[in-house]
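Structure assessment
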Amino acid sequence: MSCVETLNREIVYKPESTPKRFHLSDAFVRGLIGPIGSGKSVSCCWELMMKAHEQAPFEGIRSSRWIIVRNTYRELMDTTMETFFSWFPKSTGDFQKMNMKFIYRKKLDDGTIVYAEFLFRALDKPDDIKKLLSLELTGGWLNEVREIPKSVVDMLIGRLGRYPRTGVTWSGLIMDTNPPDEDHWWYKLFEVDCPGDYEIFHQPSGLSKEAENLHNLLQKPEHSTMTMEERKAVGRVYYTRMVAGKDEEWINVYVHGKYGFVVDGKAIYPEFNDAIHVSRQEIILPEACKENTIWIGIDFGRTPAAAFGFQATDGQWIIFDEMVTDNMGARRFSEVLGQKIRQEFSKYHLEIWGDPKGADMTQVDDETPYLVLRGAGIEAWPANTNDPVIRREAVAINLMRLTMSGKPGFIIGPKARILRKSMNGGYKYKRMAIAGQERYQEKPDKNMYSHIAEAVQYLMIGAGEGDELIGATLTGQKPIDYSELDRAVI
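Predicted model only: the values in this text are computed from it and were never measured. Along each chain, residues carry numbers from 1 onward, in the same order as the chain's sequence is written. Given that the model is predicted, a residue must reach a pLDDT of at least 70 before its local features are reported, and side-chain atom pairs must reach 80 or more before they are shown or counted; all residues, however, enter totals for whole chains, interfaces and linings. The basis for every side-chain value is the complete set of non-hydrogen atoms in the structure, without hydrogens or water.

**A few points about the nonpolar core**
In plain terms, the rule: Here, the term nonpolar core denotes a set of buried Ala, Val, Leu, Ile, Met, Phe, Trp, Tyr and Cys residues that are joined through side-chain atoms within 4.5 Å. Any residue under 20% of the maximum accessible area for its type is buried, any over 50% is exposed, and the rest in between are partly exposed; the area is computed with a 1.4 Å probe on protein chains only. The helix and strand labels rest on DSSP assignments: H or I over at least four residues marks a helix, E over at least two residues marks a strand, and numbering proceeds from the N terminus. Contacts between residues were defined by any pair of non-hydrogen atoms, one from each residue, lying within 4.5 Å.
Tyr-269, Val-395, Phe-410, Leu-419, Met-423, Val-456 and Met-460 are the most contacted members of the largest nonpolar core, which totals 36 residues. Secondary-structure elements contributing two or more residues to this core are β13 (305-311), β14 (317-324), α11 (388-399), β17 (410-412), α12 (417-426) and α13 (450-462). It is α13 that provides the largest number of residues to this core, a total of eight residues. With residues up to four places along the chain from it excluded, the contact list for Val-456 reads Ala-307, Ile-319, Val-395, Phe-410 and Leu-419. Formed by 33 residues, the second largest nonpolar core is a distinct cluster that contains Cys-44, Phe-120, Ile-174 and Phe-201.

Listed below in structure tokens is the structure:
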């Protein structure tokens, strides 16, 4: 139990099981993860304040400086700061609104004085890293960290333990979040890499017997006379109400506190059914010979992606692998793709189709992505249409059909993890901010899931799946004249 005096009243904080273990840990980086309403933010507020009280005094002063981060200033002010100041009112210190700094002072019974600075900042973009470069900090708290780039975390860690210069009793980084997707850097950091001096704390499901913070949910003044169990019963309604009308994945993330993928927008492929169109078993490729074809679809740009598939003898399309990159130019992409092709598919006949825009020359460079690919030994061709309706339907028609053997016309193998999330709604039409209306943008949202989805579209168009939609036979047509390839400087 910890407490702080404020205006003649005593605020008492009694952590539950998971936050208690969180507070007892001395790990340099700690993560607290759980469902909505589980008290994560309150626990982090108290962790900073307790550590501020525990700093060793120098000439009677227990000095520390902490940064508190949220992804945007609006959320910082409306949620993070609101929670912090509900426990530690501005009247207990000096809040400098212009600097977004709160200076907390308190004289302890041993005569020493706690002097703690709390800096409130929004660091939602990699460019915001420059805001950290001149800071000297004791520690920090990243609130709802799944919305914050890993680059911000990496830079922030380098600023910790540098204040006060007279010595730090404890320094480190605490983070809390609702569960992100398994592709998120948080999952890799805490669940896969598990570095030394890093520790993660999982809170139980809001619907479990061990659910935490129930006694603080949906409370009214008249509930103050209730027993703790009666207050928890009231709080449990918070979660039972929450699940109404929600899909299973949403409930898993926000109520059960499990890692998952929640869609915010309108899925471009509502025809996709994860239970039907995803293979849980390893995909066995056809025999490696020139009579069997591996199809490759490519989407270009600074986040190029490639999808790998083949068509089974019964007509079923199987997308068995993917290559998803980030911030990679055409030349490097062609090197990585070429290496994969040589290592895995050199004995197959290859059909490689991509975004028609990859054949366009820019005002400053006439070396198109297709020329770069050709220079790397990859013979790729532009799909014969870039019409988004035709591209979508070329995939959708296979999602809706069955083969002669009764199998789905399109499936995804276990290696194509990003594509699976894309088809489940990551590839989407973004919701428009129009009050009172359910409206979506007309063009797909360009995000980490859109590139692999469009690579599959180009694969399917190249294979002729869009022929009937445009009333012409497209398969095998290679309309771009590459007679000038020999002059390309690669």
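**Comments concerning the packing of α11 against α13**
When two helices pack together, their arrangement is given by the angle between their axes and by how far apart the axes lie. To be explicit about the condition: Only C-alpha atoms enter the line fits that serve as axes; for helices the fit covers just the stretch in contact. Angles between N-to-C directions range over 0 to 180 degrees. Orientation labels follow simple angle bins: below 35 degrees gives roughly parallel, above 145 gives roughly antiparallel, 65 to 115 gives roughly perpendicular, and whatever is left gives oblique. Residue polarity follows a fixed list, in which Ala, Val, Leu, Ile, Met, Phe, Trp, Tyr, Cys and Pro are nonpolar, Asp, Glu, Lys and Arg are charged, and the others, Gly among them, are polar.
At a closest axis distance of 8 Å, the pairing of α11 and α13 adopts a crossing angle of 80 degrees. Here α11 is positioned roughly perpendicular relative to α13, judged by the angle of their axes. Facing Ile-390, Arg-391, Arg-392, Ala-394, Val-395 and Asn-398 of α11, the residues of α13 in contact are Glu-454, Val-456, Gln-457, Tyr-458, Met-460 and Ile-461. Of the residues contributing to the contact of α11 with α13, the split by class is seven nonpolar, two polar and three charged.

**Describing the sheet that holds strand β16 (residues 381-382)**
Paired through their backbone hydrogen bonds, the strands of a sheet run either parallel or antiparallel. Rule in force here: In this analysis, strands are considered paired if DSSP registers two or more bridges between them.
In space, the six strands of this open sheet follow the order β16-β15-β12-β13-β14-β17, with mixed pairing throughout. Each end of this open sheet is capped by a strand with a single partner; those strands are β16 and β17. Strand direction decides the pairing type here: strand β12 (residues 293-299) and strand β15 (residues 349-354), joined by six bridges, are parallel. Residue pairing in the sheet places Ile-296 in a bridge with Ile-352 of β15. Here helix α9 (residues 330-344) sits on the sheet and contacts β12, β13, β14 and β15; the angle it forms with β14, its principal contact strand, is near 135 degrees. In this fold α12 packs onto β14 and β17, with an angle of close to 110 degrees to the strand it touches most, β14.

**Overview of the pairing of strand β3 (residues 29-33)**
Summarising burial for β3: five of the five residues are buried, a large majority. Every second residue of β3 is oriented toward a common face, with Val-29, Gly-31 and Ile-33 on one face and Arg-30 and Leu-32 on the other, all of them buried. Of the strand pairs in this sheet, β3 and strand β9 (residues 172-177) are connected by five bridges, and their pairing is parallel. Within β9, the position partnered with Ile-33 by the bridge is Thr-177. Taken together, the five bridges between β3 and strand β10 (residues 198-202) define a ladder with parallel strand orientation. Counterpart to Arg-30 in the pairing with β10 is Glu-199.

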